[in-house]
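# Observations on chain architecture
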Amino acid sequence: MPTDMPTDMPTDTALAERAARAAGDVLVQLRTGDLTGRSLGDAGDAAAQGAISAVLTAGRPEDVVFSEEAVDDPRRRTAERVWIVDPLDGTREYGEPGRHDWAVHVALWSAGELIAAAVALPGLGEVLVTDPPPAVPPRGVGPVRIAVSRTRPPAVATAVADALDAQLVPLGSAGYKTVAVVRGEVDAYVHGGGMYQWDSAAPVAVARAAGLTACRLDGSPLRYNDPDPSLPDLVVCRPELAEQVLAAVRSAR
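Described in the following lines is the structure provided in the data block. Every chain is numbered on its own, with residues counted from 1 as its sequence reads. This being a predicted model, a pLDDT of at least 70 is required before a residue's local features are given, and a value of 80 or more before pairs of side-chain atoms are given or counted; all residues contribute to the totals for chains, interfaces and linings. Side-chain metrics in this entry use all non-hydrogen atoms of the structure; hydrogen atoms and water are not considered.

### Let's talk about the overall build of the protein chain
For clarity, the threshold we go by: Helix and strand definitions follow DSSP, with helices as H or I runs of at least four residues and strands as E runs of at least two, each counted in order from the N terminus. Between the two quantities, the radius of gyration covers C-alpha atoms and the globule rule is 2.2 Å times the number of residues to the power 0.38. For the exposure calls, accessible area comes from a 1.4 Å probe over protein chains only, and a residue counts as buried if that area is under 20% of its type's maximum, exposed if over 50%, partly exposed in between. The method behind every accessible area is Shrake-Rupley, applied with a 1.4 Å probe, and residues are considered shielded solely by the protein chains displayed. Here the positive residues are Lys and Arg and the negative ones are Asp and Glu; neither His nor the chain ends is included. For this purpose, a charge sits on NZ of Lys, CZ of Arg, CG of Asp or CD of Glu.
Scanning the protein chain for helices and strands turns up seven helices and 10 strands. Taking 253 residues into account, the globule formula puts the C-alpha radius of gyration at 18 Å, and the protein chain, at 17 Å, falls close to it. Across its three principal axes, the protein chain shows a C-alpha extent of roughly 50 × 45 × 35 Å. Counting all 253 residues of the protein chain, 52% fall into the buried class. Carbon and sulfur atoms provide 51% of the accessible area of the protein chain, an area that totals close to 11,200 Å². In the protein chain, 23 side chains carry a positive charge and 34 a negative one; their mean positions are 3 Å apart.

Dropping the structure here:
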């Protein structure tokens, strides 16, 4: 929190949670109306962006917001504090009745690091935050489970699954696949082939806070608030599997 903020102001994590919940509430309400499919997704993107913007503007008016659903503000390149936001991650899943594998991402970047975040899972009525971090359930018996896209499973994930004799688990949005590792639904998420900083910032912050490994496919650090909004690949996994997963990625590439 900026040092000149009043002492009764919410912490950065609390504000991220408030913004994510506000967007989630709007999205759930919209889903009960007459819109469906792409029209519902478009309306959800706009409404969630408005809800998050209102909360962040009221709570931290001096901060810069870097969002998928807004024009890129060039001030973020020199700003001390930047909120990295995806108001509706998984528009396709959101537009499909009954699906819950979509999310809302709100993360705060400062001095080269993600310092606070919240990921709302409105379809489940949950919000995961960096403080207090979620507890990762123990891994059960059976093969390693790797989350992949429902529609575009990357070749690298298939190669890693083959190397580890693992099971591929199709899931929806990028954010949901990341927090699925946190929630114990899967053991890893391996992605290659394109994504953006807002697709992973908040989920990665929550995953790291929970003690998980999160990095690029080559093992290098994930960098946020870079001028180029793309961040094309990602590995998130339980720490005890990191060496095996990254070795399998190297072999596959």
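### What about helix 1 (residues 12–30)?
Formally: Helix span, as expected, comes to 1.5 Å for every residue beyond the first.
Counted at 1.5 Å a residue, the expected span for helix 1 with its 19 residues is 27 Å, and the 27 Å between its end C-alpha atoms agrees. All buried positions along helix 1 are accounted for by Asp12, Thr13, Leu15, Ala16, Ala19, Ala20, Ala23, Gly24 and Leu27.

### Some points on the sheet that holds strand 8 (residues 188–191)
Note the following rule: Any two strands with at least two DSSP-identified bridges between them are counted as paired. Axes here mean lines fitted to C-alpha atoms, for a helix over just the part in contact, with angles spanning 0 to 180 degrees between N-to-C directions. Contacts are assigned to residue pairs that have any heavy atoms within 4.5 Å of one another.
Strand order in the open sheet made by the five strands is 7-6-8-10-9, with mixed pairing throughout. If you trace the sheet from one side to the other, it starts and ends with strand 7 (167–171) and strand 9 (213–215), each paired once. Neighbour-to-neighbour, the strand axes of this sheet turn through a mean angle of 20°, independent of strand direction. Pairing of strand 6 (residues 145–149) with strand 8, which is carried by two bridges, proceeds in the parallel orientation. In the strand pairing of strand 8, Ala147 is matched with Tyr189. Helix 5 (residues 174–182) contacts strand 6, strand 7, strand 8 and strand 10 (234–237) of the sheet and is inclined by roughly 145° relative to strand 8.

### Here's the deal with the sheet that holds strand 5 (residues 126–129)
With respect to topology, five strands assemble into an open sheet ordered 1-2-3-4-5, the strand pairing being mixed. Looking at strand neighbours, the two that pair on one side only are strand 1 (64–67) and strand 5, the edges of this open sheet. Pairs of neighbouring strands in the sheet enclose a mean axial angle of 15°, with direction left out of account. Two strands pair when backbone bridges link them, and strand 3 (residues 103–110) and strand 4 (residues 113–121) are joined in this way by seven bridges, in the antiparallel orientation. Within the sheet, the bridge partner assigned to Val106 lies in strand 4 and is Ala118.

### Regarding the side chain of Asp89
Stated precisely, the cut-off is as follows: Whenever a carboxyl oxygen of Asp or Glu lies within 4 Å of a side-chain nitrogen of Lys or Arg, that contact is scored as a salt bridge. Throughout this description, a polar contact denotes any pair of N or O atoms lying within 3.5 Å of each other; where both atoms belong to protein, one of them has to be capable of donating a hydrogen while the other can accept it, and for residues adjacent in sequence the pair is counted only when both atoms sit in side chains.
With respect to the secondary-structure elements, Asp89 resides in strand 2 (residues 81–89). Nearest to the buried, unbridged Asp89 among oppositely charged side chains is Lys177, at 7.2 Å. A polar atom in the side chain of Asp89 sits 2.8 Å from the side chain of Ser173. A distance of 2.7 Å separates a polar side-chain atom of Asp89 from the backbone nitrogen of Gly175. Ignoring anything within four residues of it in the chain, the contact list for Asp89 reads Trp102, Ala103, His105, Ser173, Ala174, Gly175, Tyr176 and Asp199.

### Comments concerning the side chain of His105
One can find His105 in strand 3. Among the residues examined, His105 registers a relative accessible area of 0% and is labelled buried. A polar contact is formed between the side chain of His105 and the backbone oxygen of Trp198, at a distance of 3.0 Å.

Read these as spatial facts, not as claims about activity.
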